[in-house]
Amino acid sequence: MPCILARRTCNHGYFCTGSESLTFGDMKAFELAQYGYDGLRLAERPQPSPGPGQLLLRMRAAALNYRDLSVLRGEYASLPLPVIMGSDGVGEVVAVGAGVTKFALGDRVLLLYITNWIDGAPPEENMRRLGGPLDGTFAEYVVIQEDGAVHAPAHLSDVEAATLPVAGLTAWHMLFAHGHLRLGESVVVQGTGGVSLFALMLARAAGAEVIVTSGSDEKLARAKALGAHHVINYRTTPDWDVRVREITRGRGADHVIDVAGGEELTRSIKAARIAGTVYVTGFVAGLNANFALLPAITKRVRLQAVSGGHRASLEALARSTELHREIRPVIDRTFHFTELREALRHLDKGGHFGKVALSFEGTHS
């Protein structure tokens with residue numbers, strides 16, 4: 001049943017956008033039917049319609065995350081298949097369900113990755129994550145609860161805004177919700193992926209001393225241009241934790257962001273100050289971490305696992321990007337929505353600087 005006029009209720013109880021009719025027919029979506037690239041297919045699915053308290057979004061851009069690769073490989077969790085992949089993005093509100101009050105037709109909104117985490121501690125059970133077990137954002141249209149959406153910063157492009165809900169939010173949540181980052185503290189950032197570059201820019205804007213590690217001098221030069229105070233090439237300086245202590249005048253770093261996991265976790269612990277915090281937020285070096293207990297115990301280091309964040313943090317991040325325009329998401333490369341396989345392979349190869357993203361331009365009929 002098509003919706004005909006903007007702000008006029010149709011007999012399904014939702015509003016529709018524009019003077020054109022919005023027909024709920026089929027849409028294209030990338031679904032994972034079995035693990036591996038061969039199980040990823042561009043499928044036709046019925047276009048969803050919003051129920052009470054829900055928004056129908058026409059997707060405008062999405063960003064890829066390492067989590068997508070883990071889901072693709074079957075490493076992340078046991079998921080009910082098929083599932084539409086994709087954990088974050090930005091969309092335009094084209095229809096709303098009965099009772100929606102926070103958003104209007106035409107609004108551009110960010111989708112919350114853990115859709116039912118509003119504030120405070122995460123839900124103890126049934127964390128509802130986009131891209132598994134919930135259907136995700138690699139689809140032309142997505143329905144989401146009104147509480148699972150946040151207004152997108154107006155000054156960011158669609159592709160830039162699409163990087164906020166996972167990478168940006170993870171960096172914000174670890175540094176401010178968990179770490180309560182203060183002026184003059186030191187932050188070690190591993191690598192130059194999406195979370196790492198957001199952490200670099202957010203920490204710099206908060207007045208922290210930022211140290212970036214990478215195996216590429218070229219990437220380190222770009223990190224310096226984004227505001228890093230110190231850079232360390234871990235290939236030429238494998239004992240990078242020693243160099244961190246030298247930079248911090250023997251004290252160690254207040255905050256260490258570990259995106260690698262694996263054996264590198266021991267170095268992260270050694271790089272931290274007494275009673276410092278190591279944020280465990282990635283596993284690019286391995287799903288299992290073996291680390292030395294003695295340094296962690298004697299230094300009373302806090303290990304804080306971080307995966308995403310709540311809506312209150314995403315709202316704070318969106319406001320911060322509007323106030324501090326230098327916090328601009330770094331886009332490595334943008335692919336068209338239909339090129340998802342190529343985008344995943346590009347991410348899988350490594351070597352990217354910043355985020356890999358998808359644009360939905362021209363996909364909607």
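Residues numbered from 1 in each chain as written. Predicted model: local features only at pLDDT ≥ 70, side-chain atom pairs only at ≥ 80, totals over all residues. Heavy atoms only, no water.

1. Focus on the pattern of salt bridges
Point 1. Under the criterion given, the structure shown has 22 salt bridges.
Point 2. A salt bridge links Arg 267 to Asp 239; its shortest N-O distance comes to 3.2 Å. Of this pair, Arg 267 sits in helix 7 (residues 264-271) while Asp 239 sits in the loop between strand 12 (230-233) and helix 6 (240-247), and the two are 28 residues apart along the sequence.
Point 3. A residue is classified by how much of its surface remains accessible, and Arg 267, at 23% relative accessible area, is partly exposed. (Salt bridge = Lys/Arg side-chain N within 4 Å of Asp/Glu carboxyl O. Helix = DSSP H or I, 4+ residues; strand = E, 2+ residues; numbered from the N terminus. Buried < 20%, exposed > 50% of the residue type's maximum accessible area, 1.4 Å probe, protein only.)

2. Regarding the sheet that holds strand 13 (residues 253-258)
Point 1. Across the sheet, which stays open at both edges, the six strands sit in the order 12-11-10-13-14-15 with parallel pairing between neighbours. On the outer flanks of this sheet lie strand 12 and strand 15 (302-305), each paired with one strand and no other. Along the sheet, successive strands turn relative to each other by an average axial angle of 20°, direction set aside.
Point 2. Summarising the sheet, strand 10 (residues 186-190) and strand 11 (residues 209-214) pair through five bridges and their orientation is parallel. Paired with Gln 190 across the bridge in strand 11 is Thr 213.
Point 3. Along the sheet, helix 7 contacts strand 10, strand 13, strand 14 (272-280) and strand 15; its crossing angle with strand 14, the most-contacted strand, is approximately 145°. (Pairing = 2+ DSSP bridges. Axes fitted to C-alpha atoms, helices over the stretch in contact; angles between N-to-C directions. Contact = heavy atoms within 4.5 Å.)

3. Here we look at the pairing of strand 7 (residues 108-111)
Point 1. With burial as the criterion, each face of strand 7 is covered, one bearing Arg 108 and Leu 110 and the other bearing Val 109 and Leu 111.
Point 2. Sheet analysis places strand 6 (residues 89-96) next to strand 7, joined by three bridges and oriented antiparallel. Among the inter-strand pairings, Gly 91 is bridged to a residue of strand 7, identified as Val 109.
Point 3. Across three bridges, the pairing between strand 7 and strand 9 (residues 149-151) is antiparallel. Paired with Leu 111 across the bridge in strand 9 is Ala 149.

4. Let's talk about the sheet that holds strand 5 (residues 83-84)
Neighbouring strands of a sheet are bound in pairs by backbone hydrogen bonds; such pairs are parallel or else antiparallel.
Point 1. In space, the three strands of this open sheet follow the order 3-2-5, with antiparallel pairing throughout. Bordering the open sheet on either side are strand 3 (40-46) and strand 5, each of which pairs with just one other strand.
Point 2. Here strand 2 (residues 26-32) runs beside strand 5; their pairing, made up of two bridges, is antiparallel. Residue pairing for strand 5: Glu 31 is matched across the bridge by Ile 84.

5. Re the packing of aromatic side chains
Point 1. By the definition in use, this model includes three aromatic pairs.
Point 2. Their ring planes at 80° and their centres at 5.4 Å tell us that Phe 30 and Phe 337 sit as a pair that is edge-to-face. Of this pair, Phe 30 sits in strand 2 while Phe 337 sits in the loop between strand 16 (331-336) and helix 10 (340-349), and the two are 307 residues apart along the sequence.
Point 3. Assessed through its relative accessible area of 0%, Phe 337 is described here as buried.
Point 4. Consider the rings of Trp 172 and Phe 176, whose centres lie 4.4 Å apart with planes at 40°: the pair is tilted. Within this pair, Trp 172 and its partner Phe 176 are both found in helix 3 (residues 164-178), separated by four residues, close to a single helical turn.
Point 5. A residue is classified by how much of its surface remains accessible, and Trp 172, at 14% relative accessible area, is buried.
Point 6. Following the ring pairs from residue to residue traces out a cluster consisting of Phe 30, Phe 337 and Phe 360.
Point 7. Here the guanidinium or amino end of Arg 222 rests over the ring plane of Phe 353, the centre of that ring lying 4.0 Å away.
Point 8. In this structure, Arg 345 packs its charged tip against the face of Tyr 37, placed 4.2 Å from the ring centre. (Phe/Tyr/Trp six-rings, centres within 6.5 Å; stacked < 30°, edge-to-face > 60°. Lys NZ or Arg CZ within 6 Å of the ring centre and 35° of its normal.)

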